[in-house]
Amino acid sequence: MIGDFEVKDEDLAGRIGILETKHGKLETPVFFPVINPLKQEVFLEELKAVGFNNFITNSFILKKNNILQGTIHEKFGDNFVIMTDSGAYQILEYGEIEQTNRDIVSFEAKIRPDIAVFLDIPTGNTDDREEAKFSVEMTLERGKEIADIVDQNEDIIWVHPIQGGQFLDLVEYSAREANKRTNYKMLALGSPTVFMEKYKYDTLVDMIYTAKSSVSRGVPFHLFGGGVPHIIPFAVALGVDSFDSASYAIFARDNRYLTSERTYRLEDLEYFPCSCPVCSRYDPSELLEMKSEERYKLLAIHNLWKIREEVNRVKQAIKEGRLFEYIQQKAYSHPALYSAFKSILKYSSYLEKYDPRVKGNVKGLLLFDHNSMNRPELLRHSEFMANLKPKRNKVIIICGDKLGSPFISDPKVKSIQGRNRDYDTFVALPFYGLVPVMASEAFPLSQFEIPDIIDDTTLNETILKIKETLRNKNYAEIKFMECEKSVLSHIMSINPTL
Ligand SMILES: [Zn+2]
């Protein structure tokens, strides 16, 4: 049925899904390039050549300029999934527009896009709470006002925007109310662009988390204007399924060149760090010498390739269960992204909740520094250890950083166990804390890679974790083995009579 959304793979709170539309199945996460109907920097066949089978355009501009006679697909062709935005962005940029919500939505119902947005009121980055509240209330009111059109046009996926800006309680209220309106098959968070332009990625993370954690997990979730490559992985990790942005074209007009980590000015590039068809063919100086229109187009095409590549990388990371490692790696490309990453870690229990317990393709965890301790797998292990009931009243702790894995078949461990049958046996590991030898074959207790040099914060946090595990277990005796030369040698100072 149109609007059905089937989740195929999950990692952290992110997912790969299939959204059913009138013009075919759309695999998410998906990026919708913004196409300006008056001035197409990139032609639709060029969009197709980069691999985009979908785009978003503006119904307000289409209507105002009388561009369409029939349906939108009669004009742009049947081989695209087309989303229409309403003109809310024009309100944000230029103030009030003359069209009413009902005018725009009736027009959308007539031109029949696959996905459509009604005329909401973007909150933007206002500091004025009353103003923000007004935009939330008005957006909800407008969603209700056109419910009859939504109900009569079920082959269009209607999107309910969520507003509230930086006022997270308003975002939550807006999201909860929008989520109750089940005739809207898709939800979308508005106004992120202003925060992205100011590098306030931590605020953006808070907004996305607040909205996503207040709506049903099964509903596809769009982020308006959130389509620059460096922010996509973070948004997907929190559960965003689709994006749109005009940045590829806006940046091109300003001679800005996207990479997956940052934006360059074309003048500052001696070499192209990319092998897309544009960058394989030209070098930066050749592009600079071109006529501006030609250059804009080529830069826009390159920028689209980068966005496509980023979406694919994120999908592959989800398939491999490596999305955490991917955003961890991304975090080090810019301090603002590091802030985004740290903000996401505030929500690690949310990520853990949706992160699948069993991941098909994962060979092992790659653990780097103390940030890795926030991985869902490790949080889950800590909880498992907290709930584990002691079998005996004495315990042996073997420092495991020099042991082979799985520990249960390590000769040293076997011999220690053989000689001490009246003890519970745990292996102490950096990052993990304590691991019961008997459970060490279970994923991911033996399947990991750790650095030879481990940072002090990780070691100290590991010791704290071990102390916490041992507290309440009331062992009468704690023996440490193989710990003298271990990075966790400090563990031996834990008082055996805790
Ligand atoms: Zn390129």
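Residues numbered from 1 in each chain as written. Predicted model: local features only at pLDDT ≥ 70, side-chain atom pairs only at ≥ 80, totals over all residues. Heavy atoms only, no water.

The name given to the chain in an unreviewed UniProt entry is tRNA-guanine(15) transglycosylase, with the source organism recorded as Metallosphaera sedula. UniProt's Catalytic activity (unreviewed entry) comment on the chain is quoted here verbatim: "guanosine(15) in tRNA + 7-cyano-7-carbaguanine = 7-cyano-7-carbaguanosine(15) in tRNA + guanine". (UniProt positions renumbered as here; feature names shortened; annotations may be inferred.)

A. View of the coordination of the zinc ion. Every protein donor of the zinc ion is listed here as Cys274 (SG), Cys276 (SG), Cys279 (SG) and His302 (ND1), and their distances to the metal cover 2.1 to 2.3 Å. The site at the zinc ion holds four donor atoms, and with the angles between them running 98 to 116 degrees, its shape is tetrahedral. (Donors = N, O, S within 2.8 Å, 3.2 Å for Na, K, Ca; no water. Tetrahedral: all angles 85-135°; square planar, octahedral: opposite > 155°, others 65-115°.)

B. Geometry of helix H16 (residues 323-331). With eight of nine residues buried, H16 lies mostly within the body of the structure. Restricting attention to buried positions, one finds in H16 the residues Leu323, Phe324, Glu325, Tyr326, Ile327, Gln328, Lys330 and Ala331. In this structure, the buried residues of H16 make contact with strand S1 (5-11), helix H11 (232-237), helix H15 (292-320), helix H17 (335-346), strand S14 (365-366) and helix H19 (376-387). (Buried < 20%, exposed > 50% of the residue type's maximum accessible area, 1.4 Å probe, protein only. Helix = DSSP H or I, 4+ residues; strand = E, 2+ residues; numbered from the N terminus. Contact = heavy atoms within 4.5 Å.)

C. Representation of the UniProt feature "binding site: Zn(2+)" (unreviewed entry) in the chain. Listed under "binding site: Zn(2+)" (unreviewed entry) in the UniProt record, and renumbered for this structure, are Cys274, Cys276 and Cys279. Position of Cys274 relative to the elements: it lies in the loop between strand S13 (263-265) and helix H13 (277-281). Among the residues examined, Cys274 registers a relative accessible area of 10% and is labelled buried. In contact with Cys274, not counting residues within four places along its chain, are Tyr257, Cys279, His302 and Lys306. Secondary-structure assignment places Cys276 in the loop between S13 and H13.

D. Quick peek at the packing of aromatic side chains. A full pass over the atoms with the stated rule returns eleven aromatic pairs. Summarising the aromatic geometry, the rings of Phe55 and Phe80 are spaced 5.4 Å apart at their centres and angled 65 degrees between planes, so their arrangement reads as edge-to-face. Pair noted here: Phe55 is in strand S5 (residues 54-58) and Phe80 is in the loop between helix H3 (72-76) and strand S6 (81-85), with a separation of 25 residues, a long-range link. Phe55 gets classed as buried once you look at its relative accessible area, which sits at 0%. Accessibility expressed as a relative area gives 3% for Phe80, which makes it buried. On the numbers, 5.5 Å between centres and 75 degrees between planes, the contact of Tyr350 with Tyr354 is edge-to-face. Highlighted residues: Tyr350 and Tyr354, both in helix H18 (residues 348-354), separated by four residues, approximately one helical turn. The exposure class of Tyr354 is partly exposed, given its relative accessible area of 22%. Members of the aromatic cluster, connected to one another through ring pairs, are Tyr209, Tyr347, Tyr350 and Tyr354. When the ring centre of Phe80 is taken as reference, the NZ or CZ atom of Lys48 above it lies at 4.6 Å. (Phe/Tyr/Trp six-rings, centres within 6.5 Å; stacked < 30°, edge-to-face > 60°. Lys NZ or Arg CZ within 6 Å of the ring centre and 35° of its normal.)

E. Main features of the nonpolar core. Counting 89 residues, the largest nonpolar core has Leu47, Ile162 and Leu189 as its most contacted members. The leading source of residues in this core is H15, at ten residues. In this view, Leu47 contacts Pro33, Ile35, Val42, Phe52, Asn54, Phe55, Phe80 and Leu304; residues no more than four positions away in its chain are not counted. By size, the runner-up hydrophobic cluster in this structure holds 39 residues, among which are Phe407, Tyr432, Leu434 and Ile454. (Core = buried A, V, L, I, M, F, W, Y, C linked by side-chain atoms within 4.5 Å.)

F. Focus on the pairing of S6. For S6, the tally of buried residues reaches five of five residues, placing the bulk of the element in the interior. In the sheet, S6 pairs with strand S7 (residues 115-117) via two bridges, with the strands oriented parallel. Considered in S7, the bridge of Met83 is made with Ile115. (Pairing = 2+ DSSP bridges.)

G. Examining helix H6 (residues 129-145) more closely. Taking 1.5 Å per residue as the helical rise, H6 with its 17 residues ought to reach 24 Å, and the 24 Å between its terminal C-alpha atoms agrees with that figure. Along H6, the residues that are buried comprise Ala132, Ser135, Val136, Thr139, Leu140, Arg142 and Gly143. Axial view of H6: buried residues confined to an arc of 165 degrees, hence all on one face. In H6, the exposed residues that point more than 90 degrees away from the buried face are Glu130 and Lys144. The inward-facing, buried residues of H6 abut helix H5 (101-111), helix H7 (147-152), strand S8 (157-162) and helix H8 (168-180). With a side-chain oxygen positioned 2.9 Å from the backbone nitrogen of Glu130, the residue opening H6 is Asp128. (Expected span 1.5 Å × (residues − 1). Arc of directions from axis to C-beta. Polar contact = N/O pair within 3.5 Å; in protein donor to acceptor, adjacent residues only side chain to side chain.)

H. Representation of the pattern of salt bridges in the model. If you walk through the whole model with that rule in mind, you get 31 salt bridges. With its nearest N and O atoms 3.8 Å apart, the salt bridge here joins Arg265 to Asp254. Linking Arg265 in strand S13 with Asp254 in the loop between helix H12 (247-253) and strand S12 (256-258), this pair joins segments that are eleven residues apart in sequence. Judged by relative accessible area, Arg265 falls into the partly exposed class, the value being 34%. (Salt bridge = Lys/Arg side-chain N within 4 Å of Asp/Glu carboxyl O.)

I. Highlighting a negative patch on the surface. There is a patch of like negative charges on the surface, built from Asp127, Asp128, Glu130 and Glu131. Relative to the helices and strands, Glu131 resides in helix H6. (Patch = residues over 30% accessible without salt bridge, like charges linked within 9 Å, V, L, I, M, F, W, Y side chains within 5 Å. Areas by Shrake-Rupley, 256 points an atom, 1.4 Å probe, with all protein chains shown as cover. Lys, Arg positive; Asp, Glu negative; His and termini not counted. Charge placed at Lys NZ, Arg CZ, Asp CG, Glu CD.)

J. Structural detail: the side chain of His73. Structurally, the position occupied by His73 is in helix H3. For His73, the residues in contact, after removing those within four places along its chain, are His23, Asp78, Phe80, Ile82, Arg112, Pro113 and Asp114.

K. Just the sheet that holds strand S9 (residues 186-189), in detail. In space, the eight strands of this closed barrel follow the order S4-S5-S6-S7-S8-S9-S10-S11, with parallel pairing throughout. Taken over all neighbouring pairs, the strand axes of this sheet differ in orientation by 25 degrees on average, direction set aside. Alignment of S9 against strand S10 (residues 221-223), held across three bridges, turns out to be parallel. In the sheet register, Leu187 faces S10, and the bridge partner there is Phe221. (Axes fitted to C-alpha atoms, helices over the stretch in contact; angles between N-to-C directions.)

L. Local environment of the layout of surface pockets. The calculated volume of the second largest pocket comes to roughly 320 Å³. Lining the second largest pocket we find 17 residues, and of these Lys391, Arg392, Asp424, Thr425 and Met438 sit closest to its centre. In terms of residue count, the dominant contributor to the lining of the second largest pocket is strand S16 (residues 424-429) (three residues). Grouping the amino acids of the lining of the second largest pocket by side-chain chemistry returns nine nonpolar, three polar and five charged. (1 Å grid on protein atoms, 1.4 Å probe; cavity = no way out; pocket = protein on both sides within 12 Å on 5 of 7 lines; lining within 4 Å. Points joined across faces, edges and corners; volume = space filled by probe spheres on them. Nonpolar A, V, L, I, M, F, W, Y, C, P; charged D, E, K, R; others polar.)

M. Unusual backbone geometry, seen in detail. That bond from Thr28 to Pro29 is cis: its omega, 0 degrees, falls within 30 degrees of zero. Checked against the element boundaries, Pro29 lands in the loop between strand S3 (24-28) and strand S4 (30-35). In this chain, Phe443 is followed by Pro444 through a cis amide linkage whose omega measures -5 degrees. Within the secondary structure, Pro444 sits in the loop between strand S17 (433-436) and strand S18 (448-449). Phi angles above zero are rare outside glycine, and Asn255 is one such case at about 55 degrees. By secondary structure assignment, the location of Asn255 is in the loop between H12 and S12.

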